[in-house]
Amino acid sequence: MHIAIIGTGAREHAIAWKLSLDPTVQLFNFGPTHNPGIAGLCQAVGIGDVTDVTAVLQWCQEQKIDIAWIGPEAPLAAGVVNALEAFGIACIGPTQQMARLESSKSFTRELLDKYEIQASPSYRVFTSMDGVADYMWSLQDDVVIKPDGLTGGKGVRVMGAQLKTREDAMAYCSELFAEGAKRIVIEEKLVGQEFSLMSFSDGKHLVHMPAVQDHKRAYVGDAGPNTGGMGSYTDANHSLPFLNEHDVIFARQINEQTLYAIQEECGEEYKGIIYGGFIAVRGGVRLIEYNARFGDPEVMNMLSLLKTSLVDITKAIAERTLDQLHVEFAPLASVCKYVVPQGYPDKPVRGEPIDITQVDQAKVQLFYGAVDQTEGGLVLTGSRAVGLVATGTTIAEAEQVVEQEIKKITGPVFHREDIGTAALIDERITMLRNLRHA
Ligand SMILES: Nc1ncnc2c1ncn2[C@@H]1O[C@H](COP(=O)(O)OP(=O)(O)O)[C@@H](O)[C@H]1O
Ligand SMILES: [Mg+2]
């Protein structure tokens, strides 16, 4: 069996690594860069634009691909799955229509309303500045401005963070429409603790993964600019230290109801990953957004904990038999941290060498992101460079192992020392407890 992995980041390295543990399949990779970690696991590597539907299809046909894992959101939104499936290549990833769950924030909010899934904050969709001011001043709390489409994590602005006042928020809306935005979602700002819950879907059955928390801010203490995610952790009980069991059950139910809704709406089967981005608030849990693929870095936690063969899961998704597979995650905690170039995300150094050879790969799983292999060794290419994951009986234990190994990486890089530490987790527990018991 030939399995392709589309995309060349650390997420795709994690997928390729997990698939490679089953020697009965041959792996192939297509994407914009040459990822040395992925290339070492694959029979052939194609370099190209993953949103170029024709190029992806042609390459998959040349390599006689049976099943394609679509890693990132952009090719899903571009319709790569529609093209591959039309030529008999099974895909792990939804079609373009269903990927609107991620590629259109207004679509998802309206879908939840239509199917009476009550998990959204107050929101309204605008196609021009008409009514924006009235709505904004009608909301008691702070507001969040969301351009409708994919923005690589750079479009959403929150009052209290990137926006100071409602006037700032108005100005941002005007700017977005002036730049050609068709739709903008304005939402009430929720206060609480964010977490993610991802599920495998074969179109009929869902298998939920452990809850996980990502860290978007660049610097220690949740300071600095937003990034793609600096690291993530999970707990041994597959919940998170600040959540109660109702929170997790609720998030799972929302994923189930949303899966049903999107399939009903589109008349198609959703095969792949459904990723709910949630926030635990005073009164329960609310939905921030949906993604239509694995989260990066969260995928590194998930696949490090996954005990079931990812090849078996892949086949079961393609054949709609997920219910017949016992999917198991180790009852362990996990911590993932990224090393990123100095200056990341705004002005990252590029082309500088990074030395990872001292990392003990018996202790941590290492995934290559934005690095290139040159004659002189590995060099930084400007984004999140290398992800390290450890598992342990407690979060603290896993955190210590990652910290010990990540410090052995040399070069002009940094990472967040605080991810997974008791101090940061205690802050989150206290924050939510105060909110819920005030
Ligand atoms: N309604 C909201 N209330 C509070 N914070 C929000 C809200 N919506 C988004 N955010 C914040 O903005 C971040 C990015 O928003 P999100 O909808 O996840 O868009 P994207 O991931 O596409 O940038 C979230 O992780 C969260 O921190
Ligand atoms: Mg998000």
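Owing to the predicted nature of the structure, the values given are computational and were not obtained by experimental measurement. (Residues numbered from 1 in each chain as written. Chains lettered and ligands numbered in written order. Predicted model: local features only at pLDDT ≥ 70, side-chain atom pairs only at ≥ 80, totals over all residues. Heavy atoms only, no water.)

Caption draft 1: Representation of the site of ligand 1. Taken together, 13 residues lie near ligand 1, and Lys146, Glu187, Leu190, Glu194 and Glu289 sit nearest. Within the side chain of lysine 146, one N or O atom sits 2.8 Å away from an oxygen atom of ligand 1. Interatomic distance of 2.5 Å between a side-chain N/O atom of glutamate 194 and an oxygen atom of ligand 1. For ligand 1, whose accessible area on its own is 540 Å², the fraction buried by protein is 84%. When contributions to the shell around ligand 1 are tallied by element, the ones reaching two or more residues are strand E7 (143-147), strand E9 (184-188) and strand E17 (284-291). (Near = heavy atom within 4 Å. Polar contact = N/O pair within 3.5 Å; in protein donor to acceptor, adjacent residues only side chain to side chain. Areas by Shrake-Rupley, 256 points an atom, 1.4 Å probe, with all protein chains shown as cover. Helix = DSSP H or I, 4+ residues; strand = E, 2+ residues; numbered from the N terminus.)

Caption draft 2: Fine view of the sheet that holds strand E10 (residues 192-202). Strands sit in the order E11-E10-E16-E17 across an open sheet of 4 strands; the sheet is antiparallel. Edge positions in the sheet fall to strand E11 (206-208) and E17, since each has one partner strand and no second. Neighbour-to-neighbour, the strand axes of this sheet turn through a mean angle of 30°, independent of strand direction. Sheet topology note: the E10/strand E16 (residues 271-281) ladder contains 11 bridges and is antiparallel. Looking across to E16, one finds that methionine 198 is bridged to tyrosine 275. Sheet contacts for helix H12 (residues 310-319): E10 and E16; angle to E10, the most-contacted strand, approximately 70°. (Pairing = 2+ DSSP bridges. Axes fitted to C-alpha atoms, helices over the stretch in contact; angles between N-to-C directions. Contact = heavy atoms within 4.5 Å.)

Caption draft 3: Region of the structure containing the pattern of salt bridges. For the structure on display, the rule yields 21 salt bridges. Because the salt bridges share partners, they merge into one network encompassing Asp222, Arg416, Asp418 and Arg428. (Salt bridge = Lys/Arg side-chain N within 4 Å of Asp/Glu carboxyl O.)

Caption draft 4: Quick look at the environment of cysteine 266. Among the secondary structure elements, cysteine 266 is positioned in helix H10 (residues 245-266). The class for cysteine 266 is buried, based on a relative accessible area of 19%. (Buried < 20%, exposed > 50% of the residue type's maximum accessible area, 1.4 Å probe, protein only.)

Caption draft 5: Geometry of unusual backbone geometry. Cis geometry marks the peptide bond from tyrosine 344 to proline 345; its omega dihedral reads 5°. With phi around 55°, lysine 64 is a residue other than glycine that occupies positive phi space. Mapped onto the elements of the fold, lysine 64 is located in the loop between helix H3 (53-62) and strand E4 (67-70). With a relative accessible area of 61%, lysine 64 lands in the exposed category. Phi at aspartate 222 is positive, roughly 55°, even though this residue is not glycine. Within the secondary structure, aspartate 222 sits in the loop between strand E13 (217-219) and strand E14 (223-226).

Caption draft 6: Region of interest: the packing of aromatic side chains. Counted by the stated rule, this structure contains 8 aromatic pairs. With a centroid separation of 5.8 Å and an interplanar angle of 50°, the aromatic rings of phenylalanine 126 and tyrosine 135 are classed as tilted. Residue class for phenylalanine 126 comes out buried when judged on its relative accessible area of 6%. A centroid spacing of 6.0 Å and a plane angle of 85° characterise the contact between phenylalanine 200 and phenylalanine 294, whose relative ring orientation is edge-to-face. Taken as a pair, phenylalanine 200 in strand E10 and phenylalanine 294 in the loop between E17 and helix H11 (298-305) lie far apart in primary sequence, 94 residues in all. Of the residues examined, phenylalanine 294 reaches a relative accessible area of 1% and is grouped as buried. Put simply, the rings of Trp69, Phe200 and Phe294 touch in pairs and so form one group of aromatic residues. (Phe/Tyr/Trp six-rings, centres within 6.5 Å; stacked < 30°, edge-to-face > 60°.)

Caption draft 7: Fine view of the pairing of E14. Across 2 bridges, the pairing between E13 and E14 is antiparallel. By the bridge assignment, tyrosine 219 is partnered in E14 with alanine 223. The turn linking E13 back onto E14 is made up of 3 residues, and glycine 221 within it adopts a positive phi angle of 80°.

Caption draft 8: Here's a closer look at the side chain of glutamate 405. Mapped onto the fold, glutamate 405 is located in helix H13 (residues 395-406). Here the side chain of glutamate 405 touches glutamine 404 through a polar contact of 3.5 Å, side chain to side chain. Residue contacts for glutamate 405: discarding those within four places in its chain leaves Gln358, Val359, Asp360, Lys363, Val364 and Leu388.

Caption draft 9: Spotlight on the nonpolar core. Core analysis: the largest hydrophobic core is formed by 72 residues, its most contacted members being Leu84, Phe195 and Ile354. Per element, the largest residue contribution to this core is 7 residues, and it comes from H10. Two domains each provide a minimum of three residues to this core, namely domain 1 (2-92) and domain 3 (192-425). Counting residues in hydrophobic clusters, the runner-up holds 46 residues, among them Val299, Leu310, Ile317 and Leu322. (Core = buried A, V, L, I, M, F, W, Y, C linked by side-chain atoms within 4.5 Å. Domains from an automatic or database assignment.)

Caption draft 10: Local environment of the layout of surface pockets. Of the volumes computed, that of the second largest pocket is approximately 210 Å³. Looking at the second largest pocket, the residues that line it are Asp141, Asp142, Glu188, Lys189, Leu190, Val191, Val281, Arg282, Gly283, Arg286 and Leu435. (1 Å grid on protein atoms, 1.4 Å probe; cavity = no way out; pocket = protein on both sides within 12 Å on 5 of 7 lines; lining within 4 Å. Points joined across faces, edges and corners; volume = space filled by probe spheres on them.)

Caption draft 11: View of the sheet that holds strand E2 (residues 26-31). Overall, parallel pairing links the 5 strands, which are arranged E3-E2-E1-E4-E5 in an open sheet. Edge positions in the sheet fall to strand E3 (44-47) and strand E5 (90-92), since each of these pairs with one other strand and no more. Mean inter-strand twist for the sheet, computed between neighbouring axes without regard to direction, equals 20°. Both strand E1 (residues 2-6) and E2 contribute to a ladder of 5 bridges, which runs parallel. Bridge assignment links isoleucine 5 to a residue of E2, and that residue is asparagine 29. Packed onto the sheet, helix H1 (residues 10-20) meets E1, E2 and E4 and runs at close to 165° relative to E1.

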